[in-house]
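Reading the structure
Here is how the chains run, residue by residue.
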Amino acid sequence: MAARVDPTVRVLRELGLLVGAGKAPKGLLALVHAGRVVGGLSISLRATPDEVFGSLVQALGGAATRLRLLDVRTGQPPVLEVQWGELREKWEVEDVAGLVHNLNDLFRDERDVRLGLVLGEWEDMLEVLCVPKALAPKLFASRLLDGARNASAVRRLLEPRDAPEW
């Protein structure tokens, strides 16, 4: 009798997002934590937005890699001053999830930038997955992303924008 393949592993393999050899842990959080998913990040729960900024923009790729962190003001909430081309903004971000939200929003129209999904916690780490926009609908259809903390916000980003009214 053939061993039954974990549905999460099957979907990730079909989409080319599974890496590594050997038996894979069960569940998306465990797979990301184990470094078995392309675009997966395992981040300390104590990490501040400025500490993970570089790793996140690299994982998002494309135009996001040109975003610069100019200044950080500690406080509640911390304020990150960022620049992307001519755009210069100050972001109040309480945590890593807030940074992911701002990055998704800034790069929503950039096709080459992946979407950041805050999957949740696993073994005292925050698991984040950065996926190509073209694969996100397939991952949502497979129900793998149902538990992501920002699933509804990311789904909204995937919807076509209304044409501007003139």
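Anything mentioned here points back to the structure above.
Residues numbered from 1 in each chain as written. Predicted model: local features only at pLDDT ≥ 70, side-chain atom pairs only at ≥ 80, totals over all residues. Heavy atoms only, no water.

**Examining the sheet that holds strand 3 (residues 79-84)**
Applied cut-off: Two strands pair under a simple rule: DSSP has to find at least two bridges between them. Put simply, DSSP H or I for four residues or longer makes a helix, DSSP E for two residues or longer makes a strand, and each gets a number counted from the N terminus. For every element, the axis is a line fit to its C-alpha atoms; helices are fit only across the contacting stretch, and the angle between N-to-C directions ranges from 0 to 180 degrees. Contacts are assigned to residue pairs that have any heavy atoms within 4.5 Å of one another.
The strand order across the open sheet built from 3 strands is 2-3-4, with neighbouring strands paired in antiparallel fashion. For this open sheet the edge positions go to strand 2 (68-73) and strand 4 (87-92), each flanked by a neighbour on one side alone. Between one strand axis and the next, the sheet turns by 20° as a mean value, whatever way the strands run. Inspection of the sheet shows strand 3 paired to strand 4 by 6 bridges, in the antiparallel sense. Counterpart to Val-82 in the pairing with strand 4 is Glu-89. In the packing of helix 3 (residues 49-60) onto the sheet, the strands contacted are strand 2 and strand 3, and the crossing angle to strand 2 comes to about 170°.

**Examining the sheet that holds strand 5 (residues 115-122)**
Strand order across the open sheet formed by 3 strands is 1-6-5, with antiparallel pairing between neighbours. Only two strands of the sheet have a single neighbouring strand rather than two, namely strand 1 (40-44) and strand 5. Adjacent strand axes in the sheet meet at a mean angle of 25°, parallel and antiparallel pairs treated alike.

**Let's talk about the nonpolar core**
Note the threshold: Among buried residues, those of type Ala, Val, Leu, Ile, Met, Phe, Trp, Tyr and Cys that are joined through side-chain atoms within 4.5 Å constitute a nonpolar core. A simple rule labels every residue: compare its accessible area, found with a 1.4 Å probe on the protein chains alone, to the largest value its type can have, and call it buried under 20%, exposed over 50%, or partly exposed in between.
Among the nonpolar cores identified, the biggest contains 28 residues, and Leu-56, Leu-67, Leu-103 and Phe-107 are the most heavily contacted of them. Of all the secondary-structure elements, those providing two or more residues to this core are strand 1, helix 3, strand 3, helix 4 (96-106) and strand 6 (125-131). If you tally residues by element for this core, the top one is helix 3, at 6 residues. Residues within four places of Leu-103 in sequence aside, it is in contact with Leu-56, Val-57, Leu-60, Leu-67 and Trp-91. Membership of the second largest hydrophobic core comes to 26 residues, among which are Val-11, Val-131, Leu-139 and Leu-157.

**Brief notes about helix 3**
Inclusion rule: Think of it as the arc spanned by the lines of direction from the helix axis to the C-beta atoms.
Listed in full, the buried residues belonging to helix 3 are Pro-49, Val-52, Phe-53, Leu-56, Val-57, Ala-59 and Leu-60. Here the buried residues of helix 3 occupy an arc of 150° about the axis, which is enough to place them on one side. For helix 3, exposure combined with an orientation more than 90 degrees from the buried face picks out Glu-51 and Gln-58. Residues of helix 3 that are buried in the fold lie against strand 1, strand 2, strand 3, helix 4, strand 5 and strand 6. Looking one or two residues beyond helix 3, the residue adopting positive phi is Gly-61, at roughly 70°.

**Things to note about the packing of aromatic side chains**
Selection rule: Side-chain rings of Phe, Tyr and Trp (the six-membered ring for Trp) are treated as a pair once their centres are within 6.5 Å; stacked means planes under 30 degrees apart, edge-to-face means over 60, and tilted covers the remaining angles.
All told, the structure shown has 1 aromatic pair when counted by the stated rule. A ring pair is formed by Trp-84 and Phe-107, whose centres lie 4.9 Å apart and whose planes are at 80°; its orientation type is edge-to-face. Taken as a pair, Trp-84 in strand 3 and Phe-107 in the loop between helix 4 and strand 5 lie far apart in primary sequence, 23 residues in all. The exposure class of Phe-107 is buried, given its relative accessible area of 1%.

**Structural notes on helix 6 (residues 151-158)**
All of the buried residues along helix 6 are Ala-151, Val-154 and Leu-157. Buried residues of helix 6, seen end-on, are gathered within an arc of 120° and therefore sit on one face of the element. Contacts made by the buried residues of helix 6 are with helix 4, strand 5 and helix 5 (136-141).

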